[in-house]
Amino acid sequence: MPALVIKSREAAGIKTEIKSANFQLKKITALTAKPFLQKEFLEAAKITAEYFAANLGNLLPHLIPSSILENPKMLSKAPFLEPLSKGAFDSENKKEASVLQAPDEDRITLYKSFVREEFAKKKSVFLCLAQNEDVRQIKEKLERGIETYVCAFHNEMGKKDLNKEWKKANQPHPVLIVATPQWLFLPRKDFDAIIIDKENESGWKTLSRPFIDLRFFAETLSKTKNIRFIIGDSFLRTETLYRYKQGEISEFESVKWRLTDKVKTSIIDLKESSKKEKEFKTLSLELLNLIKENMEKGSNVFIFAARKGLSSVTVCRDCGEIVKCFNCGSPMILYKTKDGRVFKCHQCGERRDAAEVCQNCHSWKLMAFGSGIDRVAEEIRKEIPNVNLFEIHKDITETSAQTSSVIKSFYENKGSVLLGTEMAFPYLYKKVGASAISSFDSLFSIPDFRIKEKIFRLILQIKNIARENFLIQTRNPKDPVVEFAVSGNLVEFYRKEIEDRQTLNYPPFGIFIKVTVRGTKNFVSREAENLKNILENFNPAIFPSVHEKKGEPVAVNAVIKLPRNDWPHSSLISVLKSLPPHFEIKVDPDNLL
């Protein structure tokens, strides 16, 4: 039976407890692998489990790759484990966390220097990334000149590559490990730093129970090991920047608050361009001309398109105005209910009857439009028949190998166009002549209080792909998020975002705990009432989830908001841990609805 020992007690002192147990004990006759988890790792796992109201046993599969647990022979090759460091938890010798906010190219240069400095001290470094493809790309950029000492681990490795990298990681010389978070367990004794790069990227939170943030675990591990912790990105999370501003974490290098480049930027107001068209079109004349110009000179183009979101954006056909929430200004989403059509806001929850006129020009010509990637591709092929168009999204490139193959063909064919979602970003390892955003206005309607930050980062990423030209199509050209991103003004975006969050007591000022129950209508109704009684001392807000879709179970959320300093809350954690398994628990969730 595969098992990990996380605690041991002397049997002599618990004889009565053993005799009264409702199970039998059997003698362990053999071990298939020696201990391979350091005490510091287990301590960090326990702290993480407690923070996210999870059980340690359920958490460990998120922290250790299945390929390791299923191959005990590899564990016998692990280096000798060190005891708990004397410096751990010693406040006098505590090593602090630091931030590095700088463009990708600058961070890579700084990492190269840092790794060589650590090697000179006979110390190893762990560089952690959320995405498998990021691991591959960063390894290639960092290993030049030190190939023998750079190892890469991710979740898509074959057995041959895994054995090769494992052997390299166990050499006596210091190494640079570039890997996803599941490889932080690697038990080298000489790690002196953990770097979290692209910390504002998606992929850090687990998608199955228990729901945890692997960035939290990585930082906790650095504390239990008492080693340096570096957080890097071109634009760090608002929560991280707030900690930096409060003096909780220091600078690794001077924080860059403004991004400068020589890329020519154009913003196309779709409200104006739609007035000139007899029918709704997703592509402006300016974007079509940009594609044609680059095709003629053999320069490649990347075009971003959001998938068809939660619903369509509703637009006035006379003036181009988007139907917005009266309360928070977010785009309203059109729903068809048994009582008729209604507008719902996925940001603050406002709901109103859809029988209304345009708030700008009082026209009745309100229409719901969709500009997802399928429609964009169809229109490109219609307007430019000779285009060499490649696509990357889940419907076409289902695997990493398929995506890599499309990217390879795209770069090899000069003058080609790549149309993709965020799925394409990790694979775009070289700049192209021009980049563009064909549609992203619907993203403002996603029920995520961090959505403005995500849109801001999205614009920065797509602009960074271009060498010469960058174009945005939007119906919100004057939105501060768009203006700050286009100008590379990180500091003003941060100031506005942190001000808004403080007003609403959103993270980093407060913390949310969300409990969700799914199932049939009767089951959810009954369990929601039980949950209300169980959590009554914590004043939960209980409401239906807006993520319900036809054919899927009914869902109800219970959301508790606490001051940041009140978490972890021991009594609430005890209650959450006692809940039956049909309740989903998310601490610091991405969205509340």
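Cut-offs applied
- Residues numbered from 1 in each chain as written.
- Predicted model: local features only at pLDDT ≥ 70, side-chain atom pairs only at ≥ 80, totals over all residues.
- Heavy atoms only, no water.
- Helix = DSSP H or I, 4+ residues; strand = E, 2+ residues; numbered from the N terminus.
- Buried < 20%, exposed > 50% of the residue type's maximum accessible area, 1.4 Å probe, protein only.
- Areas by Shrake-Rupley, 256 points an atom, 1.4 Å probe, with all protein chains shown as cover.
- pLDDT = per-residue confidence, 0-100.
- Contact = heavy atoms within 4.5 Å.
- Salt bridge = Lys/Arg side-chain N within 4 Å of Asp/Glu carboxyl O.
- Axes fitted to C-alpha atoms, helices over the stretch in contact; angles between N-to-C directions.
- Parallel < 35°, antiparallel > 145°, perpendicular 65-115°, else oblique.
- Left-handed = near helix turned anticlockwise from the far one by under 90°.
- Pairing = 2+ DSSP bridges.

Considering the overall build of the protein
If you tally the helices and strands in the protein, you get 19 helices and 22 strands. The buried share of the protein, reckoned over its 593 residues, is 53%. Per element, the accessible surface of the protein, about 29,700 Å² overall, is 50% carbon and sulfur.

Comments concerning the confidence of the model for the protein
Residues at a pLDDT of 70 or more form 89% of the protein, whose mean pLDDT is 88. This model gives residues 80–91 a pLDDT under 50, and the stretch forms 23 contacts once residues within four places in sequence are excluded.

Some points on unusual backbone geometry
Look at the link from Pro507 to Pro508: it is a cis peptide, with omega at 15 degrees. Here Pro508 is to be found in the loop between helix H17 (490–504) and strand E19 (510–519). Omega for the peptide link from Trp567 to Pro568 comes to 5 degrees, which places this bond in the cis form. Note on placement: Pro568 falls in the loop between strand E21 (554–563) and helix H19 (570–577). Even without being a glycine, Lys198 presents a positive backbone phi close to 55 degrees. Following the sequence through the fold, Lys198 ends up in the loop between strand E5 (191–197) and helix H9 (214–225). Positive phi, close to 50 degrees, is recorded for Asn539, a residue that is not glycine. For Asn539, the location among the structural elements is in the loop between helix H18 (521–534) and strand E20 (541–544). Under the relative-accessibility criterion, Asn539 is labelled exposed at 66%.

Structural notes on the pattern of salt bridges
The final tally for this structure, using the stated rule, is 39 salt bridges. Across the pair Arg107 and Asp104 runs a salt bridge, and its minimum N-O distance is 2.9 Å. Taken as a pair, Arg107 and Asp104 lie in helix H6 (residues 104–120) at a separation of three residues, close to a single helical turn. We classify Arg107 as buried; its relative accessible area is 2%.

Some thoughts on the packing of H6 against helix H7 (residues 132–142)
At a minimum axis distance of 10 Å, the contact between H6 and H7 shows a crossing angle of 60 degrees. With respect to H7, the element H6 is oriented oblique. The hand of the H6/H7 crossing is right-handed. For the pair H6 and H7, the contacting residues are Ile108, Tyr111 and Lys112 in the first and Ile138, Lys141 and Leu142 in the second.

Quick word on the environment of Ile392
Within the secondary structure, Ile392 is located in strand E15 (residues 389–392). In sequence terms Ile392 and Phe425 are 33 residues apart; their C-alpha atoms lie 9.8 Å from each other. Setting aside chain neighbours within four positions, we find Ile392 in contact with Ile373, Thr397, Thr403, Val406, Ile407, Leu418, Leu419, Gly420, Thr421, Met423 and Ala424.

Some thoughts on the side chain of Asp197
Mapped onto the elements, Asp197 comes out in strand E5. Using a relative accessible area of 1% as the deciding quantity, one classes Asp197 as buried. Leave out the neighbours within four places in its chain, and Asp197 touches Arg107, Tyr111, Leu127, Cys128, Leu129, Trp204, Gly232 and Asp233.

Description of the sheet that holds strand E6 (residues 228–233)
In space, the seven strands of this open sheet follow the order E3-E4-E2-E5-E6-E1-E7, with parallel pairing throughout. Unpaired on one side and paired on the other, strand E3 (150–153) and strand E7 (250–251) mark the two borders of the sheet. In this sheet, E6 lies alongside strand E1 (residues 97–101) in parallel orientation, the contact comprising five bridges. In the sheet register, Val99 faces E6, and the bridge partner there is Ile231. The sheet contacts of helix H8 (residues 159–169) involve E3 and strand E4 (176–179), and relative to E3 the element is tilted by about 135 degrees.

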